[in-house]
Amino acid sequence: MQRTASSRLALIIVPLVLIITLLVVAIPRAHAQPQRAWMNEALTPDQRADALIAQMTLSEKLALLSGVGGAYVGNIPANTRLGIPALGLEDGPAGVADGMTQVTAFPAPVGVAASWDTTLMNQFGQALAAEEYGKGANIALAPTVNILRNPQWGRSFESLGEDPYLVGQLGVADIQGIQSQNVIATVKHLVANNQEYHRTSDSSNVDERTLHEIYLPAFQAAVQQGNVGAVMCSYNRINDIYACEQPSILGDVLKSQWAFPGFVMSDWGATHSTLQSAAAGLDMQMPDQSYFGGALQTAVQNGQVSIQTINQMVHRILRTMFADGLFDHPVTGNANSNVATPAHDQFTTQAAEQGTVLLQNTQSILPLNSGSVGSIAVIGPDASTAVMDAGGGSAHVNAPFVVTPLQGITARAGSGVNVQYAQGVGAGGALPIVPSSALSPSAGGGSGLTGQYYNNTALTGSPVLTRTDANVDFNYNGASPGTGVNATQWSAKWTGTLTPPATGSYTFSLTSDDGSRLFINGTKIIDNWRDQAANTQTGTVTLTAGQTAAIEVDYYQGGGLSQVNLGWQYPGSPSLMNQAVTLAKNSNVAVVFVNDEESEGSDRGSLSLPNNQDQLISAVAAANPHTVVVVNSGAPVLMPWVSQVQGIVEGWYPGQEDGKAIADILFGDVNPSGKLP
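Quantities reported herein were computed from a predicted structural model and do not represent experimental measurements.

Here we look at the pairing of strand β9 (residues 263-266)
Because side chains alternate across β9, one face comprises the buried residues Phe263 and Met265, and the other comprises Val264 and Ser266, equally buried. Pairing analysis gives four bridges linking strand β6 (residues 230-233) to β9, with the strands arranged parallel. Across the sheet, Val231 pairs through a bridge with Val264, a residue of β9.

So this is what it looks like as structure tokens:
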């Protein structure tokens, strides 16, 4: 039978349509590119989250519930198929932390809290979140609202004080500032987490009244007033149950009584189970997948955790991402972006000043008058050689620079005032730096030591930089020490000779973050060779005046901060304290800077000032009745010398503009209006 042209065309088209239809049906829905209804900003965050969840596979849902490695302290990869942004979680309460550079070191939160100013705290949240956002992070692990119930707590400086109402209202202001920048705030650490001692295993056994009157109010305010996006559960147990699997707190109080719509993440390593944690209300494990991830998938497949529970967990995360603008205002920066700005420098000064507290002002010694004061003795390591601008741990921020109190006072006093400095005591046992005049390099002439720098931590291979350094006294704050040298994972060897000025026993100190060691005439005098935060070791050796000795200092930087300092005490040299006393005696006013040392991971063993600082104050005050003490601390300290001095100022940990802020206070350019929180 003869076919017409149209019938032949139909015979071709109909099979093609059938084939195409079969191919479309055969494509798995999981790999289709759905229309993204969840990007409709007219929908509510809950509606957008529901629309997105309807298109997600189980593996895509589980990927949102736990962390992986990456550029930030916490990382959840982007889902490109569905357009879900990556999550970058970054500390911290005082600015972008976790070793990041090119950021602003703001004052410690307790110092800003001393302003009692919610507007200032809101601006503080805005500033730190703007830098988090600029660094590519969209979840800020802040604020810390744990009550300062134990004054020896190592994290006191990153909290907001001891009053539940004040802490709550300041926390709300901080949260609202953070979330105004399209960054999710994380209030932490839920709950009764008030000590570092055995923090991962101890149990805070608390009755209901104490929980609801002291420990929970700030978290409730964060949820119901601040609309915080995320809550971090703590390391400790609460009434013998780990906080991240405590159903009465996460389920009954947080999600039921307070109607918290956001998500709960674990502190880093605070997850201890799969089934109990998921059932209790934990939504996100950080920083890894040891209990969620594959274990959670198995639990779903075995029917131990329902898909409804998984959907609820995912919903909380997604609706918070929508509510705080993470889909509509995705980050464009990255971990290498420079986010420090002059405006933030200025705000740091202002915040430090507004939180400064005047504790004592006998005979109106303050403000100082630059037209009549004549001479000022500035005393203490905290004033120059070891400034305590920030606390330690996950809240520590790498300052791009620090204006020291000595620099600030000298600049503000002007040329008509004789400002001189004495260290007074060693910083953590550190001795005065060995001067270049006592050193000769192993290569070339002049003074100092020959430094050889390597792009590894083992002093191996060929050095990438060789130069003469005046002495061994460096603090690079994680930056490269020189052209061609890594910013981290590097090592250096300094060699040359030392000429002793006197005969007798010499004590050397070597401070480093991480490892260091000292050799004199080939003998190892100090072995400080280990990964560590800044630590000082000392050693002694007998030397003869004028008889040169071979010297070698080795150092390696294994990550984080970079610091190495070589000091000494030689026979006949005046002690640091005697030098300070002499300077105070010959000055019109003495200003002594002292500090405590606080860090995550350990509590203070005492409320006394460490490192003989109390004795230093008493000795200076005995030499000069016109003595002012500036305390840089994160919590209360004992002051046995209170009746011996005329002025006492609490400056907290003031951040990178330390010296500028305290000079403005001491000279009366700014009123010390802070109040103890």
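Once you've had a look at it, read on.
Focus on the nonpolar core
Counting 90 residues, the largest nonpolar core has Leu65, Met265 and Leu318 as its most contacted members. The element contributing the most residues to this core is helix α12 (residues 307-323), with seven residues. Among residues more than four places away in sequence, those in contact with Leu318 are Ala49, Leu52, Ile53, Met56, Leu64, Ile84 and Phe327. Listed in part, the 31 residues of the second largest apolar core include Leu449, Tyr453, Tyr476 and Val541.

Let's talk about the packing of aromatic side chains
Following the criterion strictly, the structure yields 15 aromatic pairs and no others. For the ring pair Phe157 and Tyr653, a centre distance of 5.7 Å and an interplane angle of 50° mean the geometry is tilted. Here Phe157 is found in the loop between β3 (139-140) and α6 (164-179), whereas its partner Tyr653 is found in the loop between β26 (647-650) and α17 (658-666), with 496 residues between them in sequence. The two residues Phe157 and Tyr653 agree in class, both being buried. With 4.0 Å between their ring centres and 15° between their planes, Phe322 and Phe327 make a pair best called stacked. What links up through ring pairs into an aromatic cluster is the set Tyr453, Phe474, Tyr476, Trp490, Trp494 and Tyr555.

Points about the confidence of the model for the protein chain
For the protein chain, per-residue confidence averages 93 on the pLDDT scale, and residues scoring 70 or more make up 95% of the total. Segment residues 1-31 is flagged for pLDDT under 50; beyond a separation of four residues in sequence, or across chains, it makes eight contacts in the model.

Here we look at α6
End to end, α6 covers 22 Å across 16 residues, agreeing with the expected 22 Å (1.5 Å per residue, within 8%). Burial of α6 is extensive: 14 of the 16 residues sit out of reach of the surface. Its side-chain oxygen 3.1 Å from the backbone nitrogen of Tyr165, Asp163 forms the N-cap of α6.

As for the state of the cysteines
By the definition in use, this model includes one disulfide. Between the sulfur of Cys233 and that of Cys244 lies a disulfide, 2.1 Å long from S to S. In this structure, the disulfide formed by Cys233 and Cys244 twists by about 110° around the S-S bond and is classed as right-handed. Pair noted here: Cys233 is in strand β6 and Cys244 is in the loop between β8 (241-242) and α9 (247-257), with a separation of 11 residues, a long-range link.

Some words on the layout of surface pockets
By volume, the second largest pocket is sized at about 310 Å³. Considering the residues around the second largest pocket, the lining is formed by 17 residues, among which Ala635, Pro636, Trp652, Leu676 and Pro677 are closest to the centre. In the lining of the second largest pocket, the residues fall into 12 nonpolar, three polar and two charged.

Some thoughts on the sheet that holds strand β23 (residues 563-569)
In spatial order, the strands read β16-β23-β18-β21; together these four strands make up an open sheet with antiparallel pairing. Each edge of the open sheet carries a strand with a single partner, namely β16 (473-475) and β21 (535-543). Strand after strand, the sheet turns through a mean of 25° between neighbouring axes, direction not considered. In terms of strand pairing, β16 meets β23 through three bridges, oriented antiparallel. Bridge pairing links Asp473 to Asn565 in β23.

Things to note about the pairing of β26
What you see with β26 is no split at all: Gly647 and Val649 on one side and Ile648 and Glu650 on the other are buried throughout. Relative to β26, strand β10 (residues 357-361) runs antiparallel, the two sharing four bridges. Bridging from a neighbouring strand, Gln360 pairs with Ile648 of β26. Summarising the sheet, strand β25 (residues 627-632) and β26 pair through four bridges and their orientation is parallel. Looking across to β26, one finds that Val631 is bridged to Glu650.

The rules we used
- Residues numbered from 1 in each chain as written.
- Predicted model: local features only at pLDDT ≥ 70, side-chain atom pairs only at ≥ 80, totals over all residues.
- Heavy atoms only, no water.
- Buried < 20%, exposed > 50% of the residue type's maximum accessible area, 1.4 Å probe, protein only.
- Helix = DSSP H or I, 4+ residues; strand = E, 2+ residues; numbered from the N terminus.
- Pairing = 2+ DSSP bridges.
- Core = buried A, V, L, I, M, F, W, Y, C linked by side-chain atoms within 4.5 Å.
- Contact = heavy atoms within 4.5 Å.
- Phe/Tyr/Trp six-rings, centres within 6.5 Å; stacked < 30°, edge-to-face > 60°.
- pLDDT = per-residue confidence, 0-100.
- Expected span 1.5 Å × (residues − 1).
- Polar contact = N/O pair within 3.5 Å; in protein donor to acceptor, adjacent residues only side chain to side chain.
- Disulfide = S-S within 2.5 Å.
- 1 Å grid on protein atoms, 1.4 Å probe; cavity = no way out; pocket = protein on both sides within 12 Å on 5 of 7 lines; lining within 4 Å.
- Points joined across faces, edges and corners; volume = space filled by probe spheres on them.
- Nonpolar A, V, L, I, M, F, W, Y, C, P; charged D, E, K, R; others polar.
- Axes fitted to C-alpha atoms, helices over the stretch in contact; angles between N-to-C directions.

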